[in-house]
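# Chain and residue survey
Next come the chains, spelled out residue by residue.
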Amino acid sequence: QQQVRQSPQSLTVWEGETAILNCSYEDSTFDYFPWYWQFPRESPALLIAIRPVSNKKEDGRFTIFFNKREKKLSLHITDSQPGDSATYFCAARAGGSNAKLTFGKGTKLSVKS
Amino acid sequence: EAAVTQSPRSKVAVTGGKVTLSCHQTNNHDYMYWYRQDTGHGLRLIHYSYVADSTEKGDIPDGYKASRPSQENFSLILELASLSQTAVYFCASSDGLGGREDTQYFGPGTRLLVL
């Protein structure tokens, strides 16, 4: 059972455009949603994260929009740059003392110049 | 200085052989994790641990064992390696306290090829 779903699998945008990456989840107990990015032949690293007390989290060109009622969130990358080309993973953590994350399968973003 | 290191960085193993992947962290974190990454599957949790001498099953534990002899070290053991275990394996650590430092810090990965 896949608890965190991402779409699209891959996305290509032109430099300067806004890329929108989608994520949905099933478990209503999830209380923390980080996005990790991974460049080719490198390890994943935290990009930005949000908790359900907020419906928006911004960090420079990266913004998470969160809809708790619909169990959906999205990552918006404005003014996309070729250096943003990477695979983006949405993840979720259940509440309580267990700190493990459930990752989605990822969206591979390519930014063309 | 890298805070999570893994060894070996790559390995070729034979089917049915034993493989041990090692992870060492200097973050002073309580939680450590082992993931495998396959194309199209993202990151899947194999085992994790929140204290020395104790391990927990993740989402895909079958065929794998884990060992946490100290806070800093966490090993993944494949007793009888199989072709289907060819993948990239990542170790990660976090403080797991649910606060600002929920971040998982990943090691560089180990590329395992089982022939």
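Cut-offs used in this document
- Residues numbered from 1 in each chain as written.
- Chains lettered and ligands numbered in written order.
- Predicted model: local features only at pLDDT ≥ 70, side-chain atom pairs only at ≥ 80, totals over all residues.
- Heavy atoms only, no water.
- Contact = heavy atoms within 4.5 Å.
- Buried area = accessible area lost by both parts, 1.4 Å probe.
- Salt bridge = Lys/Arg side-chain N within 4 Å of Asp/Glu carboxyl O.
- Polar contact = N/O pair within 3.5 Å; in protein donor to acceptor, adjacent residues only side chain to side chain.
- Helix = DSSP H or I, 4+ residues; strand = E, 2+ residues; numbered from the N terminus.
- Buried < 20%, exposed > 50% of the residue type's maximum accessible area, 1.4 Å probe, protein only.
- Pairing = 2+ DSSP bridges.
- Phe/Tyr/Trp six-rings, centres within 6.5 Å; stacked < 30°, edge-to-face > 60°.
- Axes fitted to C-alpha atoms, helices over the stretch in contact; angles between N-to-C directions.
- Core = buried A, V, L, I, M, F, W, Y, C linked by side-chain atoms within 4.5 Å.

To continue, consider the interface of chain A and chain B. In this assembly, 19 residues from chain A lie in contact with 23 residues from chain B. Both faces combined, the contact of chain A with chain B buries some 1600 Å², and carbon together with sulfur accounts for 50% of it. If you look at where chain A meets chain B, you find 1 salt bridge. The partner of A:Lys100 in a salt bridge is B:Asp59, with the nearest N and O atoms 3.2 Å apart. Across the contact surface, chain A and chain B share 4 residue pairs in polar contact (both at pLDDT 80 or more). Contributing elements (two or more residues each) for the side of chain A that touches chain B: strand S4 (30-38), strand S9 (86-94) and strand S10 (101-103) of chain A. Here the element with the most residues in the side of chain A that touches chain B is S4(A); it accounts for 3 residues.

A few words on the pairing of strand S5 (residues 42-51) of chain B. Residue and element names in this part refer to chain B. Counted residue by residue, S5 has 7 buried out of 10 residues, so it is predominantly covered. Direction of pairing for strand S4 (residues 31-38) relative to S5: antiparallel, over a ladder of 7 bridges. Pairing of Met 32 across the sheet is with Ser 49, part of S5. Sheet topology note: the S5/strand S6 (residues 54-57) ladder contains 3 bridges and is antiparallel. From the neighbouring strand, Tyr 48 faces S6, where its bridge partner is Glu 56.

We describe a pair of aromatic rings using the distance from one ring centre to the other and the angle between the two ring planes. This model, assessed by the stated rule, comprises 21 aromatic pairs over all chains. Relative to A:Phe66, the ring of A:Tyr25 lies with its centre 6.2 Å away and its plane at 10°, an arrangement referred to as stacked. Here A:Tyr25, found in strand S3 (residues 19-25), pairs with A:Phe66, found in strand S7 (residues 62-67); they are 41 residues apart in sequence, far enough to count as distant. Residue classification places A:Tyr25 among the buried positions, given a relative accessible area of 8%. For A:Phe66, a relative accessible area of 7% translates into the label buried. Following the ring pairs from residue to residue traces out a cluster consisting of A:Tyr36, A:Phe89, A:Phe103, B:Tyr31, B:Tyr33, B:Tyr35, B:Tyr48, B:Tyr50, B:Phe90 and B:Phe106.

Moving on, we get to the sheet that holds S3(A). All names here are of chain A. One open sheet accounts for 5 strands, arranged S1-S3-S8-S7-S6; its pairing is antiparallel. Here the strands that pair on one side only, and so sit at the sheet edges, are strand S1 (4-7) and strand S6 (56-59). Averaged over all pairs of adjacent strands, the angle between strand axes in this sheet comes to 15°, irrespective of strand direction. Where S7 meets strand S8 (residues 72-77), 6 bridges bridge the pair, whose relative direction is antiparallel. If you follow Phe 62 over to S8, its bridge partner there is Ile 77.

Let's shift gears to the nonpolar core. A:Trp35, A:Leu73, A:Leu75 and A:Tyr88 are the most contacted members of the largest nonpolar core, which has 26 residues in total. When residues of this core are traced back to their parent elements, those giving at least two are strand S2 (10-14), S3, S4, strand S5 (45-50), S7, S8, S9 and strand S11 (107-112) of chain A. Counting residues in hydrophobic clusters, the runner-up holds 19 residues, among them B:Tyr64, B:Leu76, B:Leu78 and B:Ala81.

This paragraph deals with unusual backbone geometry. The residue after A:Ser7, namely A:Pro8, is reached through a cis peptide bond having omega -10°. Within the secondary structure, A:Pro8 is located in the loop between S1 and S2. That bond from B:Ser7 to B:Pro8 is cis: its omega, -5°, falls within 30 degrees of zero. Relative to the helices and strands, B:Pro8 resides in the loop between strand S1 (4-7) and strand S2 (10-13).

Turning our eyes to something else, we now look at the side chain of B:Gln6. Residue and element names in this part refer to chain B. Tracing the chain through its elements places Gln 6 in strand S1. There is a polar contact of 3.0 Å between the side chain of Gln 6 and the backbone oxygen of Tyr 89. From its side chain, Gln 6 meets the backbone nitrogen of Cys 91 in a polar contact 3.0 Å long. Ignoring sequence-local partners within four residues, the contact set of Gln 6 consists of Ser 22, Trp 34, Tyr 89, Phe 90, Cys 91, Gly 107, Pro 108, Gly 109 and Thr 110.

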